[in-house]
Amino acid sequence: MDGKKPKILLCEDDTNLGSVLKNYLELNDYDVTLERDGRLGLAAFQREKFDLCLLDVMMPNMDGFTLAEEIRDVDPDIPLFFLSAKTMKEDIIQGYKLGADDYITKPFDSEVLLHKIKAILKRNEELNKESENREFDLASYHFNPKLRQLSHDGKTQTLSPKENELLKMLAEHLNDLLPREQALKKIWGSDTYFNGRSMDVYIAKLRKYLKDDPKIEIVNIHGNGFRLVVQ
């Protein structure tokens, strides 16, 4: 993953298990942030960018299921594993309904968990490479995110990195909602008021670039986000 250690958010209120698992993953070249409850876990997720989340289900202040919902609102695609002593079928089904990639019941084999983490991160890396090479036809425009080029009527506009990433996210959600929080977290790193105002400026720039075809528009869904609509 570009030579960097993959970053894992580990939320586990069992002090011994949390420390042992953190040390084991770090010995296997992962960068691990350990938090002891769900509220601290959410704060860490909002503060940093992670490649995968390992969430205990039963935690103080905010349980793992609630934390997962908060995380999924920001990043629907981040790999997410539940670690739980709750083995009832209803709990496992609820975990998967919340978008878990795996639900691992305690006690578990750390080596098996390690291989599951490696497998899903490898899969995500391959999907990201496919996404990087994807190009988009948006009405009469052609968009090449890899080259940061937006072409129309024989003319080509080179986009800035943020313009490019924002248009790419909109294109990937074509005719569907791109949540504000998701775009702000991925491109700007956090969803602060000032970053939100900055994103609005970039949306205005993209509207200007796309103004020559009435079949395409960026619609503001008040309080929720934006839709790139192509008729």
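1. Quick word on the overall build of the chain
Scanning the chain for helices and strands turns up eight helices and twelve strands. Overall, the chain is about 60 × 35 × 30 Å in size when its C-alpha atoms are taken along their principal axes. Relative to its 231 residues, the chain shows a buried fraction of 42%. Long-range pairs, those at least 24 residues apart, make up 54% of the contacts in the chain with a sequence separation of at least 6. Just so you have it, the chain exposes about 12600 Å², and 48% of that area is on carbon and sulfur atoms. In the chain, which carries 34 positive and 41 negative side-chain charges, the distance between the mean positions of the two groups comes to 5 Å.

2. Details of the sheet that holds strand S6 (residues 136-138)
On the basis of which strands lie adjacent, the open sheet formed by four strands has the order S6-S7-S8-S9 and antiparallel pairing. Only two strands of the sheet have a single neighbouring strand rather than two, namely S6 and strand S9 (155-158). When the angles between neighbouring strand axes are averaged without regard to direction, this sheet yields 20°. Where S6 and strand S7 (residues 141-144) come together, three bridges link them in antiparallel fashion. Each residue of the ladder has a partner; that of Phe136, found in S7, is Phe143.

3. Brief notes about the domain arrangement of the chain
How big an interface is tends to be stated in terms of accessible area lost as the parts join. Annotation of the chain at the domain level lists domain 1 (7-132) and domain 2 (135-230). The straight-line distance from the C-alpha centre of domain 1 to that of domain 2 is 30 Å. Facing eight residues of domain 1, the contacting portion of domain 2 comprises eight residues. Carbon and sulfur atoms supply 43% of the area buried between domain 1 and domain 2, which totals about 740 Å² over both sides. Inspection of the region where domain 1 meets domain 2 yields zero salt bridges. On the surface where domain 1 and domain 2 come into contact, there are three residue pairs in polar contact (both at pLDDT 80 or more). When residues of the side of domain 1 that touches domain 2 are traced back to their parent elements, those giving at least two are helix H2 (38-47) and helix H5 (110-132). Among the elements that line the side of domain 1 that touches domain 2, the one with the most residues is H2, at three residues. For the side of domain 1 that touches domain 2, the per-class residue count stands at three nonpolar, two polar and three charged.

4. Considerations on the packing of helix H7 (residues 180-188) against helix H8 (residues 193-209)
H8 packs onto H7 with a crossing angle of 95° between their chain directions and a minimal axis gap of 10 Å. Compared by their axis directions, H7 and H8 come out roughly perpendicular. Contact with H7, carried on its side by Arg180, Ala183, Leu184 and Trp188, involves Asn195, Gly196, Ser198, Met199, Asp200 and Tyr202 of H8 and no other residues of that element. Looking at the contact of H7 with H8 residue by residue, the class counts come to five nonpolar, three polar and two charged.

Cut-offs and rules
- Residues numbered from 1 in each chain as written.
- Predicted model: local features only at pLDDT ≥ 70, side-chain atom pairs only at ≥ 80, totals over all residues.
- Heavy atoms only, no water.
- Helix = DSSP H or I, 4+ residues; strand = E, 2+ residues; numbered from the N terminus.
- Buried < 20%, exposed > 50% of the residue type's maximum accessible area, 1.4 Å probe, protein only.
- Contact = heavy atoms within 4.5 Å.
- Areas by Shrake-Rupley, 256 points an atom, 1.4 Å probe, with all protein chains shown as cover.
- Lys, Arg positive; Asp, Glu negative; His and termini not counted.
- Charge placed at Lys NZ, Arg CZ, Asp CG, Glu CD.
- Pairing = 2+ DSSP bridges.
- Axes fitted to C-alpha atoms, helices over the stretch in contact; angles between N-to-C directions.
- Domains from an automatic or database assignment.
- Buried area = accessible area lost by both parts, 1.4 Å probe.
- Salt bridge = Lys/Arg side-chain N within 4 Å of Asp/Glu carboxyl O.
- Polar contact = N/O pair within 3.5 Å; in protein donor to acceptor, adjacent residues only side chain to side chain.
- Nonpolar A, V, L, I, M, F, W, Y, C, P; charged D, E, K, R; others polar.
- Parallel < 35°, antiparallel > 145°, perpendicular 65-115°, else oblique.

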